[in-house]
Every structure is written in structure tokens, then in C-alpha cells.
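Structural overview for review
These are the residues of each chain, in order.
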Amino acid sequence: MSLSQHQRTLLCAAPQSRADYESAMKTAVEAVSNWLSEEKMYTGGSIRQLRSEIQFEPTAQGLGLPETLSRLNHLFLSKSLKVHHPHSLAHLHCPTMVASQVAEVLINATNQSMDSWDQSPVGSLMEVQLIDWLRQKVGYGKGTAGVFTSGGTQSNLMGVLLARDACVAKHWQNDDGTEWSVQRDGLPADALKRVKVVCSENAHFSVQKNMAMMGMGFQSVVTVPCDELGQMDIGALNQKLSELKQSDKLVACIVATAGTTDAGAIDGLPEIRQAADSVGAWVHVDAAWGGALLLSPKYCSKLQGIELADSITLDFHKHFFQSISCGAFLLKDERNFRFMHYEAEYLNSAYDEEHGVPNLVSKSLQTTRRFDALKLWFTLEALGENLYASMIEHGVDLSQEVAQFIREQDDFELLVNPQFASVLFRVRPKDYPIEFLDNLNQNVADSLFAQGEANIGVTKVNGVQSLKMTLLSPIATLDNVQKLLAQVRAQANQIGDAVKNGTYQPVID
Ligand SMILES: *Cc1c(COP(=O)(O)O)cnc(C)c1O
């Protein structure tokens, strides 16, 4: 192979490389634009159909860029789920901003890495400024304690990790009387049984997963029941805390959720802070979803008390409409980063740190890391805060309208009064046997997906199978949702008739 071929293939200064890049990017962008213009939410069909069509076929010669692009347009792009479709509302999975997409072009092409200043000279300084801005938004005040992450799971891991290690440092000592370092010495033998993390039963499963990864096991997580809106029951929390105290347990952290994944419930943050203070615990607020309300003058009061937390999870690839991945972790007191500090001579030497070089590797669980912060920066500057806020508020307002509409229907049942931007409900045709309702709701969602009509969520609410509409989309309307509900109703009736006649076949088989 010749050097010129290498030059042409790599993104670099060679004129052929730049020409190929421009032309292939243009074709790719046109293909995306065509795909966007198609109306149907999804055209891939069932898992079985897809599996039979998807074949990985690398060759010794290679197909070249244009042909591979055309092949993958057909194989991947044309059959991908359209996350911008108003009927794609199963998950906290957002349509993305044009600004975010443009920023991605710059992020990918420059391929900066955030782990040391010399790998992202401008990017490092920009990320630090954005962290400072986010800190002021949550009410922490100016500062640099925070970092962009791959998302909510990683940010939550940082929260519980720092909280646990701070708890051990406070309660255990070395023989010479200095504080115990979990980072250096691992966990003290009796910490495994004594140290607990408390969250509501609706908190995100990453709390359990992260504690397991930290060697504490699921057993270290104590869950508190919720009230009828899905918020942590504060009476039950105080009860649990006093039981834990009596059995000589140490509560390292209370994880409060601002926007639970299903109901969108926002826990009482000031009350949780107060309860945590009574046992000396850290408060981590998982605002992966609800954090978007920080931008909304109309609804930001729902997050009252977030500034009292010791650490916060924000996720921009949810209700902030950024492309995946884009999240952040904010820490109130910078000194607590010491529990994960590690000095690598080649990245963040003591020399650099003394001279104020922002080597962000000290604040991150990752080493090589994308400059995802640019997407949020780009969007905020391009749109301005007012338009951004109104796009976020749209889902909250729409959820109220949809909930009211569902209350007025005889054959739909609203399962939770929405606090935020999701609606939990089920279809319940007249005289349908109650013991088959769970199955019916699951089957309705499965059929609508296989037909490419809608992606509706399925979850459990107080033991019953519930349908879920996550109304993030700033372009969804009450009319869109009413049309979707009419399809849900028609599908339920059709399945009901088929079951009665003994001709029903579930699509998942
Ligand atoms: C989505 C979500 C997470 C996980 O975030 P990822 O970005 O998917 O890792 C954590 N907590 C809550 C409340 C969430 O909704």
C-alpha cells in the first residue's frame, strides 16, 4: 500500500483527504436529511427480520467510502428508529438539536481528549468555564469542581464513590490516627456491613449497580417507599434512618432523585438534606432528568434545595436534547475530589497542578474523554436561554394536557398524576377481564412497535403493567398524542377480539 493511499484515508492535511472528507460528509448529511424527511417512525420490522438482513462482510480489498456509505445507508440508517418522531416516547431518549449535531462535527474532527491540557488546550478551558456556569445555575456558586461525564450512570458512580470514601475517612483511622484512605488501603473489614446508601425505591437502578461495582453489593442499598406521586416518603425515610442508627449502621449517602425515570417524580430536596444532616450523611441528587428544569424560569422552583446537595448528576442527552453522550457531575466542595485523586507523571504531574494547568483527568473516572461539553456550549450560545427553556417546558405543559385528556376517557386509566414530563397510564377496554390487562397493555406496545407506528414505554406502577409516554419532544402536540392514543385503543380492541376468537398471536414470538 502506498503512503498516498494512507494519506487519503486518514483525516489529514493532504488535499485528497480533505476532498474525500468533504464529499463523503456531504453525501452522509444528504442521506440523513432524506431519512429525516420520511414519515414513518420505524421500518425495520421484527427482530427476526432484522437479524436475517444484517451481515458483517469485511473484505481484503474494501469497498471504498462511497459504496460503504451507500450500503450502510440501506442497512442501518434507513431502518433506524426515528428518535425525533413524536410517537417515539418510550424512554428518556431525546431528539437532538441541530446545534448539537454541528458541534459533533467539530468534536469528532478535532478528536481532542480532555485528560490533559496539552491534548485539548482550548477545550479544557472551555469545559472548565461551562462547569463554572452550571455550578452557578444549581446555586453552588463559582468554582471548578465538576466534570463532564458519559452520562448519569457515571455521574452517580462518582457521587456514591466519593460519599462512601468520605464516610470511611470520617469514621475510620489508621494506627497513627490519620484518616483512612479507601483509595490506598481498600475498605476496612467492618465497613462492608456498616456502610449504607439510602435511596427511594424509584431511584435509578444505577445506584445498586454502582454499589455492587464498588464491592459493596446490592445489600448496601437501603430503599425507602414512595408516596402516591412517586416521591420518596420523608416519614419513611426518617424511620429507616433511625432503624439504621439503632443497628449501628453508617449512612454514607442519601441519593435523592430529581425526576425519577418513570413517573418523573422529584423528591423533597430540602427535607432530604435535613434528614441527612441528622445522621451526618452526604446528599447526592440524581438530576439526570430533572436537571433540565434549571433552565426554566417557570419550573426551576421544582428543584428548590438542589443547592444543598453535596454532589449532583446532570444528563444533557435527555431533556437537554444533546446527542449521546453528554453528562456532568458537580461537586459542591472541591476538596472532596481528593478521594479519587491520582497523580500520573505523564498527565497531571505535581508541576502542572502547582502551575494551575487544568488537567481534568484528576476529576474524571475516564482517561481519554470526548469534548462533549462543546455541544452544550454551542447550543446555549446559538439558541439563547429563553428558547432553550421553552423547548424544555413544552414537555411539562403537554404532560398536564395529556393527563387531563386521559382522565376524561372511559377506557384509559391514568396511573400517576404527572409532576414532570411523563404520563403513566393503561388501556382498559370495557368489560375486559382484569387478570389479562397486564398482558394486553404489553401486547399493544409490542404490536405498535413492530408496525413501526410508535415506541411506547412499558413499565410497572404499583404492580400493574403500565404504558408510559415520555413527552420530551418539543415538537409533539396534544393532537399527535391523541392520534397515538386512538391507535392504542384500536390495537387493544383488535387484540381483545382476536383473544376472544382464539386467533391471537403475539408479535414477540
Ligand atoms: C437515565 C437516568 C440515569 C442514567 O443515565 P445514563 O446517562 O443513561 O447513564 C440515572 N438516573 C436517572 C434518574 C435517569 O433517568
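Residues numbered from 1 in each chain as written. Predicted model: local features only at pLDDT ≥ 70, side-chain atom pairs only at ≥ 80, totals over all residues. Heavy atoms only, no water.

Pairing within the open sheet is mixed, and its seven strands lie in the order 1-7-6-5-4-2-3. Edge positions in the sheet fall to strand 1 (146-149) and strand 3 (221-224), since each of these pairs with one other strand and no more. Adjacent strand axes in the sheet meet at a mean angle of 20°, parallel and antiparallel pairs treated alike. Summarising the sheet, strand 5 (residues 282-287) and strand 6 (residues 311-315) pair through four bridges and their orientation is parallel. Bridge assignment links His-284 to a residue of strand 6, and that residue is Ser-311. Where helix 6 (residues 121-138) meets the sheet, its contacts fall on strand 1, strand 6 and strand 7 (327-331), and the angle it forms with strand 1 comes to roughly 110°. (Pairing = 2+ DSSP bridges. Helix = DSSP H or I, 4+ residues; strand = E, 2+ residues; numbered from the N terminus. Axes fitted to C-alpha atoms, helices over the stretch in contact; angles between N-to-C directions. Contact = heavy atoms within 4.5 Å.)

The next thing to look at is the pattern of salt bridges. Per the stated rule, a full pass over the model turns up 29 salt bridges. A salt bridge links Asp-20 to Arg-8, with the shortest nitrogen-to-oxygen separation between them at 2.6 Å. Here Asp-20 is found in helix 2 (residues 15-37), whereas its partner Arg-8 is found in helix 1 (residues 3-9), with twelve residues between them in sequence. Salt-bridge contacts for Glu-53 lead to Lys-79; the nearest nitrogen and oxygen are separated by 3.4 Å. Here Lys-79 lies in the loop between helix 4 (65-75) and helix 5 (98-110) and Glu-53 lies in helix 3 (residues 47-53), a separation of 26 residues in the sequence. Exposure remark for Glu-53: the relative accessible area of 37% places this residue in the partly exposed category. It is possible to trace a salt-bridge network through shared partners that takes in Glu-104, Arg-370, Asp-372 and Lys-375. (Salt bridge = Lys/Arg side-chain N within 4 Å of Asp/Glu carboxyl O. Buried < 20%, exposed > 50% of the residue type's maximum accessible area, 1.4 Å probe, protein only.)

The ligand sits among 13 residues. The nearest are Thr-153, Asp-286, Asp-315, His-317 and Lys-318. Taking Thr-261, its side chain carries an N or O atom lying 3.2 Å from an oxygen atom of the ligand. Protein contact buries 85% of the 380 Å² of open area that the ligand shows by itself. Looking at which element gives the most residues to the shell around the ligand, the answer is helix 7 (residues 152-171), with three residues. Residue composition of the shell around the ligand, by class: two nonpolar, eight polar and three charged. (Near = heavy atom within 4 Å. Polar contact = N/O pair within 3.5 Å; in protein donor to acceptor, adjacent residues only side chain to side chain. Areas by Shrake-Rupley, 256 points an atom, 1.4 Å probe, with all protein chains shown as cover. Nonpolar A, V, L, I, M, F, W, Y, C, P; charged D, E, K, R; others polar.)

On domain assignment, one finds that the protein chain holds domain 1 (12-79), domain 2 (112-383) and domain 3 (386-501). The straight-line distance from the C-alpha centre of domain 1 to that of domain 3 is 34 Å. Contact with domain 1, which involves four residues of that partner, is made by seven residues of domain 3. Buried area between domain 1 and domain 3, both sides added, is near 440 Å², and the carbon and sulfur share of it is 63%. Among the residues domain 1 hides against domain 3, the three largest losses belong to Lys-40, Met-41 and Tyr-42. Together they make up 86% of the total. Between the two partners, domain 1 and domain 3, sit one salt bridge. Here Lys-40 makes a salt bridge to Glu-453, at a shortest N to O gap of 3.4 Å. (Domains from an automatic or database assignment. Buried area = accessible area lost by both parts, 1.4 Å probe.)

This next bit is on the layout of surface pockets. Looking at the largest pocket, its volume works out to about 1600 Å³. Contributing to the lining of the largest pocket are 43 residues, with Val-32, Trp-35, Leu-77, Thr-96 and Gln-101 lying nearest its centre. Of all the secondary-structure elements, those providing two or more residues to the lining of the largest pocket are helix 2, helix 4 and helix 5. By residue number, the principal contributor to the lining of the largest pocket is helix 2, which donates eleven residues. (1 Å grid on protein atoms, 1.4 Å probe; cavity = no way out; pocket = protein on both sides within 12 Å on 5 of 7 lines; lining within 4 Å. Points joined across faces, edges and corners; volume = space filled by probe spheres on them.)

Residues Glu-343, Glu-345, Glu-353 and Glu-354 make up a contiguous surface patch of negative charge. Looking at the element boundaries, Glu-353 is found in helix 13 (residues 350-354). Residue Glu-353 is classed as partly exposed on the basis of its relative accessible area of 31%. (Patch = residues over 30% accessible without salt bridge, like charges linked within 9 Å, V, L, I, M, F, W, Y side chains within 5 Å. Lys, Arg positive; Asp, Glu negative; His and termini not counted. Charge placed at Lys NZ, Arg CZ, Asp CG, Glu CD.)

This next bit is on the sheet that holds strand 10 (residues 457-461). Sheet architecture is open: four strands sit in the order 8-9-11-10, paired in antiparallel fashion. Strands at the two margins of the open sheet, each flanked by one partner only, are strand 8 (412-414) and strand 10. On average, each strand axis in the sheet is tilted by 45° relative to the strand beside it, whichever way the strands run. With three bridges joining them, strand 8 and strand 9 (residues 422-427) adopt antiparallel strand pairing. By the bridge assignment for strand 9, Leu-414 is matched with Phe-425.

Right, let's get into the side chain of Ser-155. Relative to the helices and strands, Ser-155 is located in helix 7. Residue classification places Ser-155 among the buried positions, given a relative accessible area of 0%. Among the polar contacts made by the side chain of Ser-155, one reaches the side chain of Thr-149 at a distance of 2.8 Å. In this structure, Ser-155 is in contact with Thr-149, His-284, Thr-313, Leu-314, Ala-328 and Phe-329, ignoring residues within four places of it in sequence.

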